[in-house]
Amino acid sequence: MWSSRLVFVLAAAGSAVGLGNIWKFPYITGENGGGAFVVVYLACIALVGVPIMMAEVMLGRAGRMSPINTMRKLASASGGSGFWPVIGWMGVLAGFLILSYYAVIAGWAVYYVGRLASGTFDGADGAASQAAFDAFLADPWAILLWQTVFMAVTVFIIARGVARGLETAVRWLMPLLLVLLLVLVGYGAAVGDFARGAGFLFSFDVSSLSVGGLLTAMGHAFFTLSLGMGAIMAYGAYLPGRTSIAGTVTTIAVLDTVVALAAGLAIFPIVFATAGLEPGEGPGLMFVTLPIAFGNLPLGAVVGAVFFLLVSFAAVTSAISLTEPALAFLVEQYNAKRTRVAISLGAGCWLLGIGTVLSFNVWADVHVVGGLTFFDFVDYVSYKVLLPVGGLLIALFAGWVLAKPVVAEELGFDGWQERLWQAAIRFIAPAGVLVVFGYTIYQSV
Ligand code: PFF
């Protein structure tokens, strides 16, 4: 059990804030044309993400077991069918798929710690930064090395049991990360094209938003809040009984959003002020832009190295939560040893991750389906299919199946708050997911 509400907030925030905020949000925003995409994303966070996050915490705390067994227990107690544990199983699969590539990208961040510290980017311009990144990506062995380092550290931490280390890491390192992001925003304001960068993020131009962008925005709302796969449910299982779920969840969602927007405000002013860079650069966006800022700031080598170290930590605290649904289940169900499970899961993810390593070089032109590389495919299945479907099922279960007294007991709402949450979880969230899915399918056939 978490010792207090604060520890839960820290752990859940540690899960939520990660590569999704700093690496993924800016690059998918760039690929999807900016403003309108950001608005849809924010709407998805507020209307779909927050209510579903409350549902996940509530289910976790009501069940107090791993997500698979929690769903089993709550479904049978509420007279629901044996279908619902599928939420837990899908979550285990999604966590596995996501971690396989998450570790690869996190490895890039670890690698950049050393690159910055050694002064590679001192005085660098766009072309130099791009060339350094391209050279790294072209070398599968280098990527593999850092993926392995990241995975080994993650497995080590998971095997040792986490609460203490996690708490310290998030309590001290996350605020520092935010401070450094704000320094970068300051750099963008002083040296970059801040007006265009901010305009790109916040100007609402509907014509720039494609159907694909709609699905991406919704998938990302789930991804960035760690929803739809039981990670937050697993953490909710350790939450003390009397804590207000609504307040806690809102805090985490706001924090997560602030970090993402700060990352965007740090990156886009640099993009628009640097010759040869464009917003649609893709997964390399943050790795090409931010070193330019550090390369031109006083003490940039040190500060830059610290920044990438903090990003790596943020990635570790997210990676840990990706394995928690599977880990908790195996330990609970089969009395398996934590260490053994952690190593096996880590090894499996590492192996699958090699496909992602190769997607950026040797297999760059190999397409699994459509135009998707192996990395794109794993990413697509996990965050555009498994997470939204998982979230939809969680909303339906929490809204329609779970016994009313359990909801009342856990959320402690009455009056308008209860009606608002009911409306969100029963109608708005499911409709949101279904409309986006339906529209995507309709457009693609
Ligand atoms: N929320 C994490 C991020 O934004 O980087 C990624 C993530 C962690 C997704 C845990 C899902 C999850 F269960």
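As shown above, the structure is provided for reference.
Residues numbered from 1 in each chain as written. Predicted model: local features only at pLDDT ≥ 70, side-chain atom pairs only at ≥ 80, totals over all residues. Heavy atoms only, no water.

Draft legend 1. Structural view of the overall build of the protein chain. From N to C terminus, the protein chain includes 18 helices and zero strands. Compactness check: the protein chain gives a C-alpha radius of gyration of 21 Å against a globular reference of 22 Å for 445 residues, within 12% of the reference. When the backbone C-alpha atoms are referred to their principal axes, the protein chain occupies close to 65 × 50 × 45 Å. When each of the 445 residues of the protein chain is scored for burial, the buried share is 58%. Long-range contacts, defined here as pairs at least 24 residues apart, represent 83% of the contacts in the protein chain between residues at least 6 apart. As displayed, the protein chain offers around 16600 Å² of accessible surface, 69% of which is attributable to carbon and sulfur atoms. (Helix = DSSP H or I, 4+ residues; strand = E, 2+ residues; numbered from the N terminus. Rg over C-alpha atoms; globule rule 2.2 N^0.38 Å. Buried < 20%, exposed > 50% of the residue type's maximum accessible area, 1.4 Å probe, protein only. Contact = heavy atoms within 4.5 Å. Areas by Shrake-Rupley, 256 points an atom, 1.4 Å probe, with all protein chains shown as cover.)

Draft legend 2. Quick look at helix H9 (residues 194-202). Where H9 is concerned, the buried positions are Gly 197, Ala 198, Phe 200 and Leu 201. Axial view of H9: buried residues confined to an arc of 155 degrees, hence all on one face. Buried residues along H9 sit in contact with helix H2 (19-31), helix H3 (35-63) and helix H12 (245-273). (Arc of directions from axis to C-beta.)

Draft legend 3. View of the packing of aromatic side chains. Here the structure, examined in full by the defined rule, presents 28 aromatic pairs. Seen from their ring centres, Phe 83 and Trp 84 are 5.3 Å apart, and the 70 degrees between their planes marks the pair as edge-to-face. Trp 84 sits in the buried class, given a relative accessible area of 11%. Both rings, one in Phe 200 and one in Phe 268, keep their centres 4.9 Å apart while their planes meet at 50 degrees; by these two values the pair is tilted. Here the residue Phe 200 occupies a position in helix H9, and Phe 268 occupies one in helix H12, the gap between them amounting to 68 residues. Each of the two residues, Phe 200 as well as Phe 268, counts as buried. When the ring centre of Phe 223 is taken as origin, the NZ or CZ atom of Lys 24, which lies over that ring, is 4.8 Å away. Its guanidinium or amino end placed over the ring of Tyr 383, Lys 24 lies 3.9 Å from that ring's centre, counting from NZ or CZ. (Phe/Tyr/Trp six-rings, centres within 6.5 Å; stacked < 30°, edge-to-face > 60°. Lys NZ or Arg CZ within 6 Å of the ring centre and 35° of its normal.)

Draft legend 4. Summary view of the site of the ligand. Around the ligand sit 15 residues, and of these Ala 16, Gly 20, Tyr 102, Phe 223 and Met 229 come closest. The separation between an oxygen atom of the ligand and a polar main-chain atom of Leu 19 is 3.1 Å. At a separation of 2.5 Å, an oxygen atom of the ligand approaches a polar side-chain atom of Tyr 102. Contact with the protein chains covers 100% of the free accessible surface of the ligand, which is 340 Å². (Near = heavy atom within 4 Å. Polar contact = N/O pair within 3.5 Å; in protein donor to acceptor, adjacent residues only side chain to side chain.)

Draft legend 5. Expanded view of helix H17 (residues 404-411). Taken together, the buried positions of H17 are occupied by Val 407, Glu 410 and Leu 411. Around the axis of H17, the buried residues are gathered within 80 degrees of arc, so they sit on the same side. Opposite its buried face, H17 presents the exposed residues Pro 405 and Glu 409, each directed more than 90 degrees away. Residues of H17 that are buried in the fold lie against H3, H12, helix H16 (374-401) and helix H18 (416-444). Following H17 by one or two positions, Gly 412 adopts a phi angle in the positive range, close to 60 degrees.

Draft legend 6. Spatial organisation of the packing of helix H5 (residues 86-117) against H16. It is the contact of H5 with H16, at a shortest axis distance of 9 Å, that shows an interaxial angle of 150 degrees. When the interaxial angle is binned, H5 and H16 end up roughly antiparallel. The way H5 lies across H16 gives a crossing that is left-handed. For the pair H5 and H16, the contacting residues are Val 86, Ile 87, Met 90, Leu 93, Ala 94, Leu 97, Ile 98, Ser 100 and Tyr 101 in the first and Phe 375, Val 378, Asp 379, Val 381, Ser 382, Leu 386, Leu 387, Val 389, Gly 390, Leu 393 and Ile 394 in the second. (Axes fitted to C-alpha atoms, helices over the stretch in contact; angles between N-to-C directions. Parallel < 35°, antiparallel > 145°, perpendicular 65-115°, else oblique. Left-handed = near helix turned anticlockwise from the far one by under 90°.)

Draft legend 7. Molecular detail of the pattern of salt bridges. Taken as a whole, this structure holds three salt bridges when the rule is applied. A salt bridge links Arg 61 to Glu 410; its shortest N-O distance comes to 2.6 Å. Taken together, the positions of Arg 61 in helix H3 and Glu 410 in helix H17 put the pair 349 residues apart, joining distant regions of the chain. When the shortest N-O distance is used, the salt bridge between Glu 324 and Arg 338 registers 3.9 Å. Of the two residues, Glu 324 is situated in helix H14 (residues 300-334) and Arg 338 in helix H15 (residues 338-359); the sequence distance between them amounts to 14 residues. Taking relative accessible area as the criterion, Glu 324 reaches 4% and is therefore assigned buried. (Salt bridge = Lys/Arg side-chain N within 4 Å of Asp/Glu carboxyl O.)

Draft legend 8. Looking closely at the environment of Thr 373. As for its placement among the helices and strands, Thr 373 is situated in the loop between H15 and H16. Judged by its relative accessible area of 10%, Thr 373 is buried. Separated by 83 residues in sequence, Thr 373 and Leu 290 place their C-alpha atoms 26 Å apart. For Thr 373, the residues in contact, after removing those within four places along its chain, are Ser 359, Ala 364, Val 366, His 367 and Val 368. There is a polar contact of 3.1 Å between the side chain of Thr 373 and the side chain of Asp 376.

Draft legend 9. Quick look at unusual backbone geometry. At Ser 226, a residue that is not glycine, the phi angle is positive and equals roughly 60 degrees. Position of Ser 226 among the secondary structure elements: in the loop between helix H10 (211-224) and helix H11 (231-236). The exposure class of Ser 226 is buried, given its relative accessible area of 10%. The phi dihedral of Asn 335 falls on the positive side, at around 55 degrees, and the residue is not glycine. With respect to the secondary-structure elements, Asn 335 resides in the loop between H14 and H15. Relative accessible area serves as the criterion here: at 69%, Asn 335 is assigned to the exposed category.

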